[in-house]
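So the chains spell out like this:
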Amino acid sequence: MAERPAVPDVDRVAASRRALERRRARAALKRDLSTRVVAPQSVLRQASEDADSDAATMRVTDFLMALPAIGAGKRDRVLAELHIAPVKRLGGLGVRQRGALGDWLDERFPPHHPRPARSRLLVLAGPTAVGKGTVAARIRETHPEIHLSVSATTRAPRPGEVDGVHYYFVDDAEFDRLIADEQLLEYAVVHNKHRYGTPRGPVDAALAEGRTVLLEIDLQGARQVRAAEPSASLVFLLPPSWDELVQRLVGRGTEDAEERTRRLRTARVELAAQNEFDYLVVNADVATAAEEVVELATDSARRSAP
Ligand SMILES: Nc1ncnc2c1ncn2[C@@H]1O[C@H](COP(=O)(O)OP(=O)(O)OP(=O)(O)O)[C@@H](O)[C@H]1O
Ligand SMILES: Nc1nc2c(ncn2[C@@H]2O[C@H](COP(=O)(O)O)[C@@H](O)[C@H]2O)c(=O)[nH]1
């Protein structure tokens, strides 16, 4: 029998580097699935459209285990029910298997359906460090006709933050007074730490002038606004990936490790609630995300015009 030619060392090194990159990319994709930064249906779609994608090379067992609230028992029952062998990779599924898995995902993780905007009151929410403040600042710069609400907060200013511009920085007694006088449209303790609230007066005044109003607030606040004003449009800002979100939080450098952990815990809860929102906007690029939000605002204004 002819001997196989030896694989040159350089090829072996390159191949093992590629394999390592693949494993890292699949691990990142699993983090995106478990935190709901990406929908499982879009990963399945990617796997079927591009045989060379990271999604295609992921084992179905790993894919299922990365989904929120799916343990080993559930995984095995799903594989048996859908007649999928545990060794299968997403890219190697047959048409029927892919269809069955897609149907199961749709039932277990209902896809998001955008809802048309109905009023000039727009809420921008999303996990910590996704870029809500940055996108809002860009809108302030490029669309001065949109009124950006300035919140009251009991947290201390960060370097560079100006009272009355970024927030109204108040103490606990003042925040209590605002609540007692019913001056807040909504308020909440955010990240289990400080209180934040939207002053009602400026919002009412801007709406009365026919302006579009943008509130940059957390999930609890968004829910309160929806309850008080059901026609408000709720926009949820998503990061391009979980790792990018962590990178942005660390890169901002304004929180210590304990506070970052607290914020990332809240981020998971907020991401799990994204389907409550009318629109999902991915903030991969600030200018593009800001324009998408402005378009929604313009659309709302048109629909709510008398
Ligand atoms: N599209 C983007 N690409 C890269 N970096 C971004 C992008 N958007 C925002 N950032 C950066 O991410 C960091 C967090 O942004 P920002 O403070 O606006 O987030 P946030 O959602 O308002 O956070 P929090 O809820 O914690 O206040 C900042 O350093 C900002 O410069
Ligand atoms: N419910 C409300 N949440 C608010 C308001 N203003 C800001 N926020 C949210 O707080 C966190 C943390 O903000 P940070 O400036 O300390 O990083 C962030 O998610 C904001 O959206 C508000 O008036 N009401």
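Residues numbered from 1 in each chain as written. Chains lettered and ligands numbered in written order. Predicted model: local features only at pLDDT ≥ 70, side-chain atom pairs only at ≥ 80, totals over all residues. Heavy atoms only, no water.

### Describing the layout of surface pockets
In this model, the largest pocket occupies a volume close to 930 Å³. Lining the largest pocket are 39 residues, and of these Lys-132, Gly-133, Arg-158, Tyr-167 and Glu-216 sit closest to its centre. Mapped onto the lining of the largest pocket, the elements with two or more residues apiece are α6 (132-142), β5 (184-190), β6 (194-199), β7 (213-216), α10 (242-252) and α11 (257-272). The element contributing the most residues to the lining of the largest pocket is α6, with six residues. Its residues assigned to classes, the lining of the largest pocket shows 15 nonpolar, 12 polar and 12 charged. Space inside the second largest pocket adds up to approximately 540 Å³. Residue lining of the second largest pocket: 27 residues in total, with Val-38, Ala-39, Pro-40, Gln-274 and Asn-275 positioned closest to the centre. (1 Å grid on protein atoms, 1.4 Å probe; cavity = no way out; pocket = protein on both sides within 12 Å on 5 of 7 lines; lining within 4 Å. Points joined across faces, edges and corners; volume = space filled by probe spheres on them. Helix = DSSP H or I, 4+ residues; strand = E, 2+ residues; numbered from the N terminus. Nonpolar A, V, L, I, M, F, W, Y, C, P; charged D, E, K, R; others polar.)

### Brief notes about the UniProt feature "binding site: ATP" (unreviewed entry) in the protein chain
The UniProt feature table records "binding site: ATP" (unreviewed entry) at Gly-126, Pro-127, Thr-128, Ala-129, Val-130, Gly-131, Lys-132 and Gly-133. Here the residues from the annotation list that line the largest pocket are Gly-126, Pro-127, Thr-128, Ala-129, Val-130, Gly-131, Lys-132 and Gly-133. Looking at where Gly-126 falls in the secondary structure, it is placed in the loop between β1 (121-125) and α6. What Gly-126 contacts, discounting residues up to four positions off in sequence, is Lys-132, Phe-236, Leu-237 and Glu-270. Looking at the secondary structure, you find Ala-129 in the loop between β1 and α6. If sequence neighbours within four positions are ignored, Ala-129 has contacts with Leu-245, Arg-248, Leu-249 and Arg-252. (UniProt positions renumbered as here; feature names shortened; annotations may be inferred. Contact = heavy atoms within 4.5 Å.)

### Quick look at the site of ligand 2
Around ligand 2 there are 16 residues in total, and Ser-151, Arg-155, Arg-158, Tyr-167 and Tyr-196 lie nearest to it. The separation between an oxygen atom of ligand 2 and a polar main-chain atom of Gly-197 is 3.1 Å. For ligand 2, an oxygen atom lies 2.9 Å from a polar atom in the side chain of Arg-263. For ligand 2, whose accessible area on its own is 510 Å², the fraction buried by protein is 96%. A class-by-class count of the residues in the shell around ligand 2 yields five nonpolar, four polar and seven charged. (Near = heavy atom within 4 Å. Polar contact = N/O pair within 3.5 Å; in protein donor to acceptor, adjacent residues only side chain to side chain. Areas by Shrake-Rupley, 256 points an atom, 1.4 Å probe, with all protein chains shown as cover.)

### Describing the packing of helix α2 (residues 40-49) against helix α5 (residues 95-108)
Closest axis-to-axis distance for the α2/α5 pair is 10 Å, and the angle between their directions is 165°. Relative to α5, α2 is oriented roughly antiparallel. The two elements α2 and α5 cross, and the hand of that crossing is left-handed. Where α2 abuts α5, its residues Pro-40, Gln-41, Leu-44 and Ser-48 lie against Arg-98, Leu-101, Gly-102, Leu-105 and Asp-106. For the contact of α2 with α5, the class distribution of residues is four nonpolar, three polar and two charged. (Axes fitted to C-alpha atoms, helices over the stretch in contact; angles between N-to-C directions. Parallel < 35°, antiparallel > 145°, perpendicular 65-115°, else oblique. Left-handed = near helix turned anticlockwise from the far one by under 90°.)

### Let's talk about the site of ligand 1
As a structural note, the neighbourhood of ligand 1 is formed by 15 residues, with Thr-128, Lys-132, Thr-134, Arg-252 and Arg-263 the closest of them. Residue Ala-284 places a main-chain N or O atom 3.3 Å away from a nitrogen atom belonging to ligand 1. In a pocket analysis with a 2 Å cut-off to the grid points, ligand 1 is assigned to the largest pocket. Put simply, the parts of the chain that give the shell around ligand 1 at least two residues each are α6 and α10. For the shell around ligand 1, the class distribution of residues is five nonpolar, five polar and five charged. (Sits in = over half its atoms within 2 Å of the grid points.)

### Observations concerning the sheet that holds strand β2 (residues 147-148)
Judged by pairing direction, the sheet is parallel, and its five strands sit side by side in the order β2-β7-β1-β8-β9 without closing on themselves. For this open sheet the edge positions go to β2 and β9 (279-282), each flanked by a neighbour on one side alone. When β1 meets β7, the two strands line up parallel, connected through four bridges. Its bridge partner lying in β7, Val-123 is registered against Leu-215. On the sheet, helix α9 (residues 219-228) packs against β1, β7 and β8 (233-238) and is oriented at approximately 160° with respect to β1. (Pairing = 2+ DSSP bridges.)

### Points about the packing of aromatic side chains
Given two aromatic rings, their pairing is described by the distance between the two centres and the angle made by the two planes. Applying the stated criterion across every chain, the model contains five aromatic pairs. Among the aromatic residues, those joined into a ring-pair cluster are Tyr-167, Phe-169 and Tyr-196. Just above the ring of Trp-242 sits the side chain of Arg-268; from NZ or CZ to the centre is 5.0 Å. (Phe/Tyr/Trp six-rings, centres within 6.5 Å; stacked < 30°, edge-to-face > 60°. Lys NZ or Arg CZ within 6 Å of the ring centre and 35° of its normal.)

### Some remarks on the environment of Thr-261
Residue placement: Thr-261 occurs in helix α11. On a C-alpha basis, the gap between Thr-261 and His-191 in space is 9.9 Å, while along the polypeptide they are 70 residues apart.

### What about α2?
Listed in full, the buried residues belonging to α2 are Pro-40, Gln-41, Val-43, Leu-44 and Ala-47. Across the axial projection of α2, the buried residues extend over an arc of 160°, all falling on one side. Buried residues belonging to α2 abut α1 (9-34), α3 (60-66) and α5. (Buried < 20%, exposed > 50% of the residue type's maximum accessible area, 1.4 Å probe, protein only. Arc of directions from axis to C-beta.)

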